[in-house]
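Here are the chains, one letter per residue:
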Amino acid sequence: MTFDWSFILGTLPAFGKAVWVTLQLGTMVIFTSLGVALLNVALLSLQKPLLAAFIRGYVELARNTPLLIQLFFLYFGLPALGLSLSGFATAVIAMTFLGGGYLTEALRAGIQAVPTSQLEAGRAIGLSRWQLLRHVQLPQAWLASLPALFANFIFLLKETTVASAVAVPELLYTTKNYIALYYKTYEMLAVLTLMCVLIFLPLSLALRVVERRLQHGQFGHRVAGPSAASAGNWRGSDPRHLAAGHPVCNPRRCRLRRAGATGRTTDSGLAASLSGAV
């Protein structure tokens, strides 16, 4: 088996356009799905039984029906009701319906991981449900849910290949067209595989780096110096170290430098300690 390299090079411009369509569709779906998930968890925070039952029903329907069936229902079923949508619009709606269900569950799990003591502390100082959700639950739920959220982002990007069923000119659609016209099956499948690796592998690695930075970026380094490890100088004022009589570094005056000392404390840990104290 020999590859027709000249043919492969000739198809690269078309595949470049297909990559752009794939990224457009995937990015749009990720943002709309995240918006749906945020709306759902906000409604769940109201603790209304009917709303909660409706959202649970939506999540189960979205996660337990294949994306292809959702696409066909919108693309072929809605015209019977007098509503016609383009293939791209159909893909955005169907994938948002699917992704919203998955991201809702990811955020809901993160919110449930927030300690009850923090909610009780917030209520004790007069925070409303909306203020609790915005200032206490969502910031911590976002960090706790990052692995699941980023995994679902990659999942939604890969699901864009299903949109080829409704004539969205993304990677798989372009591949199938070239195979049907020129019978260059192996060449086109090789190009498709290469394009997917070049898109998804760097994106996966980048999201892993972002996840680490966001989850650990809230931590402050100890002040550089030989006495940092023994003196316990920290960027934050953790009540545990204050109680122990350790000196505290003023973050406005201390210049942080990377050094061998890597002890850390968290702002959220401070908030948790204060809330627990309340």
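Residues numbered from 1 in each chain as written. Predicted model: local features only at pLDDT ≥ 70, side-chain atom pairs only at ≥ 80, totals over all residues. Heavy atoms only, no water.

A. Main features of the overall build of the chain. Each helix and strand in the chain was counted, giving 11 helices and 2 strands. Secondary structure elements of the chain, listed N to C terminal, follow the sequence α-α-α-α-α-α-α-α-β-α-α-β-α. Expressed as a percentage of contacts within the chain between residues at least 6 apart in sequence, the contacts between residues at least 24 apart total 74%. Carbon and sulfur atoms make up 64% of the accessible area of the chain, which amounts to about 16000 Å² in all. (Helix = DSSP H or I, 4+ residues; strand = E, 2+ residues; numbered from the N terminus. Contact = heavy atoms within 4.5 Å. Areas by Shrake-Rupley, 256 points an atom, 1.4 Å probe, with all protein chains shown as cover.)

B. Spatial organisation of unusual backbone geometry. Notably, Ala 167 is not glycine yet its phi reads approximately 65°, a positive angle. Assignment of secondary structure puts Ala 167 in the loop between α6 (129-158) and α7 (171-182). According to the relative accessible area criterion, Ala 167 is partly exposed, its value standing at 42%. In the Ramachandran plot, Tyr 183 falls in the positive-phi region, its phi being about 60° despite a non-glycine side chain. (Buried < 20%, exposed > 50% of the residue type's maximum accessible area, 1.4 Å probe, protein only.)

C. Seen up close, helix α2 (residues 49-63). Under the 1.5 Å per step criterion, the end-to-end length of α2 is 21 Å for 15 residues, consistent within 8% with the ideal 21 Å. Within α2 the residues assigned to the buried category are Ala 52, Ile 55, Tyr 58, Val 59 and Ala 62. Taken down its axis, α2 places every buried residue within 125° of arc, on the same side. Exposed side chains of α2 directed beyond 90 degrees from the buried face belong to Pro 49, Leu 50, Phe 54 and Arg 56. Elements that come into contact with the buried residues of α2 comprise α1 (5-44), α3 (67-77) and α4 (87-112). (Expected span 1.5 Å × (residues − 1). Arc of directions from axis to C-beta.)

D. Representation of the packing of α2 against α4 in the model. As a packed pair, α2 and α4 sit with axes 8 Å apart at the nearest point and diverge in direction by 120°. Here α4 runs oblique to α2, going by the angle between their axes. As α2 packs across α4, the resulting crossing turns out to be left-handed. Seen from α2, the contacting residues are Ile 55, Tyr 58, Val 59, Leu 61, Ala 62 and Arg 63; seen from α4, they are Thr 96, Phe 97, Leu 98, Gly 100, Gly 101, Tyr 102, Thr 104 and Glu 105. Here the contact of α2 with α4 is composed, by residue class, of 8 nonpolar, 4 polar and 2 charged. (Axes fitted to C-alpha atoms, helices over the stretch in contact; angles between N-to-C directions. Parallel < 35°, antiparallel > 145°, perpendicular 65-115°, else oblique. Left-handed = near helix turned anticlockwise from the far one by under 90°. Nonpolar A, V, L, I, M, F, W, Y, C, P; charged D, E, K, R; others polar.)

E. Fine view of the nonpolar core. The biggest cluster of nonpolar side chains holds 46 residues, and the ones touching the most others in it are Phe 15, Leu 25, Val 168 and Leu 171. For this core, the secondary structure elements donating two or more residues are α1, α3, α4, α6, α7 and α8 (185-216). With 12 residues, the single largest contributor to this core is α1. Dropping the residues within four chain positions of it, Phe 15 is found in contact with Leu 171, Thr 174, Thr 175, Tyr 178, Met 188, Val 191 and Met 195. (Core = buried A, V, L, I, M, F, W, Y, C linked by side-chain atoms within 4.5 Å.)

F. Structural context of the layout of surface pockets. Computed from the structure, the largest pocket encloses a volume of approximately 410 Å³. Lining the largest pocket are 16 residues, with Leu 44, Ser 45, Gln 47, Ile 111 and Gln 137 sitting closest to its centre. Ranked by residue count, the leading element in the lining of the largest pocket is α6, at 4 residues. Among the residues forming the lining of the largest pocket, the class breakdown is 8 nonpolar, 5 polar and 3 charged. (1 Å grid on protein atoms, 1.4 Å probe; cavity = no way out; pocket = protein on both sides within 12 Å on 5 of 7 lines; lining within 4 Å. Points joined across faces, edges and corners; volume = space filled by probe spheres on them.)

G. Main features of the packing of aromatic side chains. With the rule as written, the count across this model stands at 10 aromatic pairs. Ring centres of Phe 7 and Tyr 178 lie 6.0 Å apart, and the angle between their planes is 85°; this geometry places the pair in the edge-to-face category. Within this pair, whereas Phe 7 is found in helix α1, its partner Tyr 178 is found in helix α7, the two being separated by 171 residues in sequence. Residue class for Phe 7 comes out buried when judged on its relative accessible area of 15%. Using a relative accessible area of 17% as the deciding quantity, one classes Tyr 178 as buried. (Phe/Tyr/Trp six-rings, centres within 6.5 Å; stacked < 30°, edge-to-face > 60°.)

All quantities given are derived from atomic positions and should not be read as evidence of function.
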